[in-house]
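# Topology and contacts: notes
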Amino acid sequence: MSFLVRQIALKSSGEEIVRPSTVEGDVLTIGRDAACDIHLPDLAVDPRHAQVTRAADGSLVIASIGAQPFEVNGRSTTQSPLDPVAGAELTFGGHRISVAVDAESGAATFTVRRVEAVSDSAEDKDITTVYTLKGLLPGKRMSAWTFAILVLVSFLAFPIYSYMTYKPLAMQEKARRPDGFHADQTWSSGR
């Protein structure tokens, strides 16, 4: 028995490049390891993530080799039967694998397509935003409001509070404020 594997890649123009290969045997391995029958270069995929085995009656069973799950038709699982005639969709990290039957040979066909970028370097970046701190610092509006509130508290609210706490001393004759800093003196223009 054999499996037909079709790796689909996209050119920069958007054209598809299909690389078919035939895997002989009753076991098909899927993983990040280059020795796997379906090689998925994605860090979200284990080196030997899952294997598809053909049962004696011709049905297929996919099972996780380790404890890492995968998705079959949108549901996360570690083991599931596959019916190539009905079709199935497997998801491993950023890759989607469609399972079907080849019309010519009748072999189970696995069509591999990358649906998400493998890394940030694979996506096109705007050169003006790559080397900025825009995402780390607050915006201009937030900074302006913060500094305006800080100035109001420092030069209006705190001096008023300082003046009001020593106001009873002003009512007494020959009363003197203690030496030291008093916030309402920031309003004074000097001698």
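Scoring rules and cut-offs
- Residues numbered from 1 in each chain as written.
- Predicted model: local features only at pLDDT ≥ 70, side-chain atom pairs only at ≥ 80, totals over all residues.
- Heavy atoms only, no water.
- Buried < 20%, exposed > 50% of the residue type's maximum accessible area, 1.4 Å probe, protein only.
- Helix = DSSP H or I, 4+ residues; strand = E, 2+ residues; numbered from the N terminus.
- 1 Å grid on protein atoms, 1.4 Å probe; cavity = no way out; pocket = protein on both sides within 12 Å on 5 of 7 lines; lining within 4 Å.
- Points joined across faces, edges and corners; volume = space filled by probe spheres on them.
- Nonpolar A, V, L, I, M, F, W, Y, C, P; charged D, E, K, R; others polar.
- Core = buried A, V, L, I, M, F, W, Y, C linked by side-chain atoms within 4.5 Å.
- Contact = heavy atoms within 4.5 Å.
- Phe/Tyr/Trp six-rings, centres within 6.5 Å; stacked < 30°, edge-to-face > 60°.
- Pairing = 2+ DSSP bridges.
- Salt bridge = Lys/Arg side-chain N within 4 Å of Asp/Glu carboxyl O.

### Brief notes about unusual backbone geometry
Residue Asn73 is not a glycine yet carries a positive backbone phi of 55°. On the accessibility criterion, Asn73 (51% relative accessible area) is exposed.

### Examining the environment of Pro178
As for its placement among the helices and strands, Pro178 is situated in the segment after helix H3 (167–171). In this structure Pro178 comes out as partly exposed when scored by relative accessible area, which is 45%.

### Some thoughts on the layout of surface pockets
Of the voids in this model, the largest pocket is the one considered here, and its volume is about 330 Å³. Around the largest pocket sit 14 residues that line it, and Ile8, Ala9, Leu10, Arg113 and Arg114 are the ones nearest its centre. Those elements that place two or more of their residues in the lining of the largest pocket are strand S1 (2–10) and strand S12 (108–114). Ranked by residues supplied to the lining of the largest pocket, first place goes to S1 with 4 residues. Class assignment for the residues of the lining of the largest pocket results in 7 nonpolar, 3 polar and 4 charged.

### Remarks on the environment of Pro41
Structurally, Pro41 is set in the loop between strand S4 (38–39) and strand S5 (50–54). For Pro41, a relative accessible area of 42% corresponds to the partly exposed category. For the pair Pro41 and Arg114, spaced 73 residues apart in sequence, the C-alpha to C-alpha distance is 9.7 Å.

### Brief notes about the nonpolar core
Ile38, Val52, Ile62, Leu82, Phe92, Ile97 and Phe110 are the most contacted members of the largest nonpolar core, which has 23 residues in total. Contributing elements (two or more residues each) for this core: S1, strand S3 (27–31), S5, strand S6 (60–64), strand S7 (70–72), strand S10 (88–92), strand S11 (95–101) and S12. What Ile62 contacts, discounting residues up to four positions off in sequence, is Ile30, Ala50, Gln51, Val52, Phe70, Val72, Thr78, Gln79, Ser80, Leu82, Leu90 and Phe92.

### Topic: the packing of aromatic side chains
Applying the stated rule across the entire model yields 2 aromatic pairs. Ring geometry for Phe70 against Phe92: centres 5.2 Å apart, planes inclined by 25°, an arrangement best described as stacked. Of the two residues, Phe70 is situated in strand S7 and Phe92 in strand S10; the sequence distance between them amounts to 22 residues. As far as the burial class goes, Phe70 and Phe92 line up, both buried.

### Looking at the pairing of S12
Along S12, 5 of the 7 residues are buried, which leaves the element largely enclosed by surrounding structure. With 6 bridges connecting them, S1 and S12 associate as parallel partners. Bridging from a neighbouring strand, Arg6 pairs with Thr111 of S12. In terms of strand pairing, S11 meets S12 through 7 bridges, oriented antiparallel. Counted as the bridge partner of Arg96 is Arg113 from S12. Count of turn residues in the S11/S12 antiparallel hairpin: 6 residues, of which Gly106 carries a positive phi of about 80°.

### Remarks on the sheet that holds S6
Judged by pairing direction, the sheet is mixed, and its 5 strands sit side by side in the order S4-S3-S5-S6-S9 without closing on themselves. Pairing within the sheet leaves two strands with one partner each, and these edge strands are S4 and strand S9 (79–82). Looking at chain direction, S5 and S6 are connected through 5 bridges and run antiparallel. Residue pairing across strands places Thr53 opposite Val61, the latter belonging to S6.

### Quick look at the pattern of salt bridges
Within this structure, the stated rule accounts for 3 salt bridges. The residue Arg6 makes a salt bridge to Asp102 at a minimum N-O spacing of 3.4 Å. Of the two residues, Arg6 is situated in strand S1 and Asp102 in the loop between S11 and S12; the sequence distance between them amounts to 96 residues. Judged by relative accessible area, which is 27%, Arg6 ranks as partly exposed.

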